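Residue-level listing of the chains:
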Amino acid sequence: MITVASLAPVLGGTLALSGVAVAVSRRRELLVRWCAWAVGVPLVAGAFWWGRPGAAAVAATAGVIAVTEFGALMRLGPPDRVVLAAAVTGVVLAAWLAPGEVFRVLAAGALAVAAVPLLAGDAEQGLRRLGAGLLGLAWIGVTAALVPLGASALALFMAVSVADIVAYFAGPRLGGPPLSPLSPAKRWSGTLAGAVAGLGTLAALGAPTWPMAVAVAVGGPAGDLLESMVKRGAGVKDAASWLPGSGGLLDRIDSLLVALAVLLVLS
């Protein structure tokens, strides 16, 4: 069974080795990103070590921040964002306090999201607001899965992150056809190399189950393309600019969110 204690040495070792690699590279953007990781990883790991309350706190915080960024990308007004954030938080709390009621709370959240443009009588933008709100609930609401998965979610995040990094560096060097018009800089070769690296990470962490493997190899790249589609529609490069070296939180967890969804379906 995967525990936070069993992952701690791997997390620490990975941070140390990546820090050495970043120092050797002398690339400022990588150093800034590594510093953000060096602060964030211990905080998140400590919260998960606390158990379900800590995982719920991480999920709710990440969910609200992601909704804020998503709302800006989709040009949603304050009422839409507030209701969507409340719906996502409600699903997270249900996953923690009343797991048997998650789907009921999710349905109630969808109705609340739909009610905002309906009650506003928005004939011009109502359909767009409704579609964006329901997409946000389905996509970002998956953060609730962090609560029951616990340390397994940390292992999944590590594997997906390694796959993303390897794909980023391997694609341009290996060449080949683009992965998708949504992200022409990414290559199939890089995606396959990233999948191999992600699966190797799962094996190193003692979590090489087939649902986890599919989540990393398929869900991770799909999540990255989903955010690329949203950002292209908004005409921006990053979801936000507050996270040093990374843009916004959505830019860091986009792959994880769809990987979590795939894992939930297959488990």
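Here we summarise the structure given alongside this text. Please read all numbers here as calculations on a predicted model, not as lab measurements.

What follows concerns the packing of helix α1 (residues 4-25) against helix α8 (residues 151-174). One way to put it is that α1 packs onto α8 with a least axis distance of 10 Å and a crossing angle of 25 degrees. Classified by the angle between their axes, α1 and α8 sit roughly parallel to one another. In this structure, α1 crosses over α8, and the sense of that crossing is left-handed. Contacts from Val4, Leu7, Val10, Leu11 and Thr14 of α1 reach α8 at Ala151, Leu154, Ala155 and Met158. Classifying every residue of the contact of α1 with α8 by side-chain character gives eight nonpolar, one polar and no charged.

Looking now at unusual backbone geometry. Even without being glycine, Arg75 reaches a positive phi, approximately 55 degrees. With respect to the element layout, Arg75 can be found in the loop between α3 (52-73) and α4 (78-97). Overall, the relative accessible area of 55% leaves Arg75 in the exposed class.

Assignment of secondary structure puts Trp242 in the loop between α10 (210-234) and α11 (249-266). For Trp242, a relative accessible area of 46% translates into the label partly exposed. The residues touching Trp242, leaving out its near neighbours within four places in the chain, are Ile65, Glu69, Gly247, Gly248 and Leu249. In terms of polar contacts, Trp242 uses its side chain to reach the side chain of Glu69, at 2.6 Å.

This brings us to the environment of Val91. Relative to the helices and strands, Val91 is located in helix α4. Under the relative-accessibility criterion, Val91 is labelled buried at 4%. Separated by 17 residues in sequence, Val91 and Ala108 place their C-alpha atoms 9.6 Å apart. Those residues within four positions of Val91 in sequence are excluded, and the remaining contacts are Val102, Val105, Leu106, Gly141 and Ala144.

This part is about α8. For α8, which comprises 24 residues, the first-to-last C-alpha distance of 34 Å matches the rise-based estimate of 34 Å (1.5 Å per residue) to within 8%. At Ala167, α8 shows its strongest bend, of approximately 25 degrees. Restricting attention to buried positions, one finds in α8 the residues Ala151, Ala153, Leu154, Ala155, Leu156, Met158, Ala159, Val160, Ser161, Ala163, Ala170 and Gly171. Phi turns positive, to about 75 degrees, at Gly175, one or two residues after α8.

We now examine the packing of aromatic side chains. Applying the stated criterion to the full structure yields three aromatic pairs. Ring geometry for Trp37 and Phe157: centres 5.7 Å apart, planes at 25 degrees, overall stacked. Of this pair, Trp37 sits in helix α2 (residues 28-49) while Phe157 sits in helix α8, placing them 120 residues apart in sequence. A relative accessible area of 25% places Trp37 in the partly exposed class. Taking 5.0 Å as the distance between ring centres and 90 degrees as the angle between the ring planes, the aromatic pair formed by Tyr168 and Phe169 counts as edge-to-face. Look at Tyr168 and you get exposed, because its relative accessible area is 56%. Assessed through its relative accessible area of 28%, Phe169 is described here as partly exposed.

Basis of the calculations
- Residues numbered from 1 in each chain as written.
- Predicted model: local features only at pLDDT ≥ 70, side-chain atom pairs only at ≥ 80, totals over all residues.
- Heavy atoms only, no water.
- Axes fitted to C-alpha atoms, helices over the stretch in contact; angles between N-to-C directions.
- Helix = DSSP H or I, 4+ residues; strand = E, 2+ residues; numbered from the N terminus.
- Parallel < 35°, antiparallel > 145°, perpendicular 65-115°, else oblique.
- Left-handed = near helix turned anticlockwise from the far one by under 90°.
- Contact = heavy atoms within 4.5 Å.
- Nonpolar A, V, L, I, M, F, W, Y, C, P; charged D, E, K, R; others polar.
- Buried < 20%, exposed > 50% of the residue type's maximum accessible area, 1.4 Å probe, protein only.
- Polar contact = N/O pair within 3.5 Å; in protein donor to acceptor, adjacent residues only side chain to side chain.
- Expected span 1.5 Å × (residues − 1).
- Bend = angle between axes of the 7 residues up to and from the residue.
- Phe/Tyr/Trp six-rings, centres within 6.5 Å; stacked < 30°, edge-to-face > 60°.

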